[in-house]
Amino acid sequence: MKKTFITAIFTLLCLGVVAQTEITDSIADDTLAADSLAADSTEQELAYPQNIQVRLDKLMREPLLEISQLGLMVFDLDADSTVFAANSRQTLRPASTMKLITAITALDNLGGDYRFNTSLYYDGTIAERTLIGNIYCVGGMDPLFNNDDMNAFVESIVGMEIDTIRGYIVADKSMKDTLRYGEGWCWDDDNYVLSPLLVGREDIFVATLKTRLAEAGICVDEAVDTIGTIPVGTYALCTRTHTLDQVLMPMMKDSKNLYAESMAYQIAAQNGRMKASYKHAKTHMQKLINRIGLRALDYRLADGSGLSLYNYVSAQLLVALLRHAYRNSEIFIHLYPSLPIAGVDGTLAKRMRKSHAFDNVHAKTGTLTGVISLAGYCRAANGHMLAFAILNQGVLNAARARAFQDKVCEALCCP
């Protein structure tokens, strides 16, 4: 009897070792550089990561993964350790999860108080209700500049008590380069023009201002607009601004591509740089990647929104940046509220409504032909905050990939 009991105990211990070895082997090749913190000693804490690992290990046998690629990483931000990873260093197209890289870099470089500016100036002299000079519109690539802002511009010119402008309306677009589209954008997509002077997200600024001035009884005598830069000796008329948060919310919640590109150019143009290009923004992104302990040259960054087919990142990179944001309150306080919430709003409003992930997962979605991605945060059953990234690629049925990702989120959130 005693011998039988000892044999049974020994068998159970061996099975436990084998099971744990299988789980460990599945993630041993994919870990963040800094994941080192001893786990708590309670039974609940010890069971928690193993439960998630077992669930995710089971999902790795989904038929979808036999015909497509997956990059996956889950990281416990409170324990500072990797929970699970599969192909986490493999470089894949991120689609709109690229916006996480843009947003975190912008918050890291510009700060949450940054503002997008569009300004109006004039020069010359005023005599007999006529401005003998020019009006200068200085663009800051604000995607939120709208009719109300244009009204303010018109009212400031009306306030000069003039009825004629004998000069030009000058579009100062020197903030950025002249490229109208991003690198690697598909020609048949309905893409916005990347102009520093936008009204209603369209590149019709000067024409709109001229029309609105005419409606207000002010004639532009030359009736010609031109592109140039603001000279020395001009006078300020009006400046309209929008905060970084105002741009960040729709950029992330609704995945607005133009907003993300504008954010990237704010990074590029920081410190007053003129003729800024995406390459300047990429330099700052690469500096941040190197600073958090990864190697920037291992990735390909081509635009700010994820529209480009030339972007290549990894699940590990996205999780590392999410970890950096979580550890820096001045970044996290702006980033976290901007992320879509499962079953509640944004691009996740219709997903995970009847699961433990409901109102728990805060994550950025991404969609391109053949690419479905999801990366963000959620709380595990033990209260720990997790960062995760799921990159599905080579997927011909987007619904299947989203269903798989929803299962991953359920595995992370359920007790």
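Residues numbered from 1 in each chain as written. Predicted model: local features only at pLDDT ≥ 70, side-chain atom pairs only at ≥ 80, totals over all residues. Heavy atoms only, no water.

Draft legend 1. Just the overall build of the protein, in detail. When you go through the protein residue by residue, the secondary structure sums to 11 helices and 14 strands. Burial statistics for the protein: of 415 residues in total, 52% are counted as buried. Entry remark: accessible area of the protein is about 19,000 Å², with carbon and sulfur atoms responsible for 52%. (Helix = DSSP H or I, 4+ residues; strand = E, 2+ residues; numbered from the N terminus. Buried < 20%, exposed > 50% of the residue type's maximum accessible area, 1.4 Å probe, protein only. Areas by Shrake-Rupley, 256 points an atom, 1.4 Å probe, with all protein chains shown as cover.)

Draft legend 2. Focus on the packing of aromatic side chains. Counted under the stated rule, the structure contains 11 aromatic pairs. Consider the rings of F332 and Y377, whose centres lie 5.2 Å apart with planes at 85°: the pair is edge-to-face. Of this pair, F332 sits in helix α10 (residues 329-338) while Y377 sits in strand β13 (residues 371-379), and the two are 45 residues apart along the sequence. Assessed through its relative accessible area of 16%, F332 is described here as buried. Y377 gets classed as buried once you look at its relative accessible area, which sits at 0%. Positioned over the ring face of Y265 is K176, at 4.7 Å from the centre of the ring. (Phe/Tyr/Trp six-rings, centres within 6.5 Å; stacked < 30°, edge-to-face > 60°. Lys NZ or Arg CZ within 6 Å of the ring centre and 35° of its normal.)

Draft legend 3. Representation of the sheet that holds strand β14 (residues 385-393) in the model. Spatial ordering of the open sheet is given by β2-β1-β14-β13-β12, a layout of 5 strands whose pairing is antiparallel. Where the open sheet ends on each side, the last strands, each with one partner, are β2 (81-86) and β12 (362-368). The average undirected angle you get between the axes of adjacent strands in this sheet is 5°. For strand β1 (residues 69-76) and β2, the ladder comprises 5 bridges, and the chain directions are antiparallel. Looking across to β2, one finds that L72 is bridged to A86. (Pairing = 2+ DSSP bridges. Axes fitted to C-alpha atoms, helices over the stretch in contact; angles between N-to-C directions.)

Draft legend 4. Up close: unusual backbone geometry. Even without being glycine, S255 reaches a positive phi, approximately 55°. Along the chain, the position of S255 falls in the loop between α6 (244-253) and α7 (257-268). On the basis of relative accessible area, S255 is assigned to the buried category, the value being 17%. In this structure, M352 takes a positive phi of about 60° despite not being glycine. When you line up the elements, M352 lands in the loop between α10 and β12. Classification of M352 as buried rests on a relative accessible area of 7%.

Draft legend 5. Representation of the environment of I165 within the structure. Turning to its location among the elements, I165 is positioned in strand β7 (residues 164-165). What makes I165 buried here is its relative accessible area of 0%. Taking C-alpha positions, I165 is 7.4 Å from N134, a pair spaced 31 residues apart along the chain.

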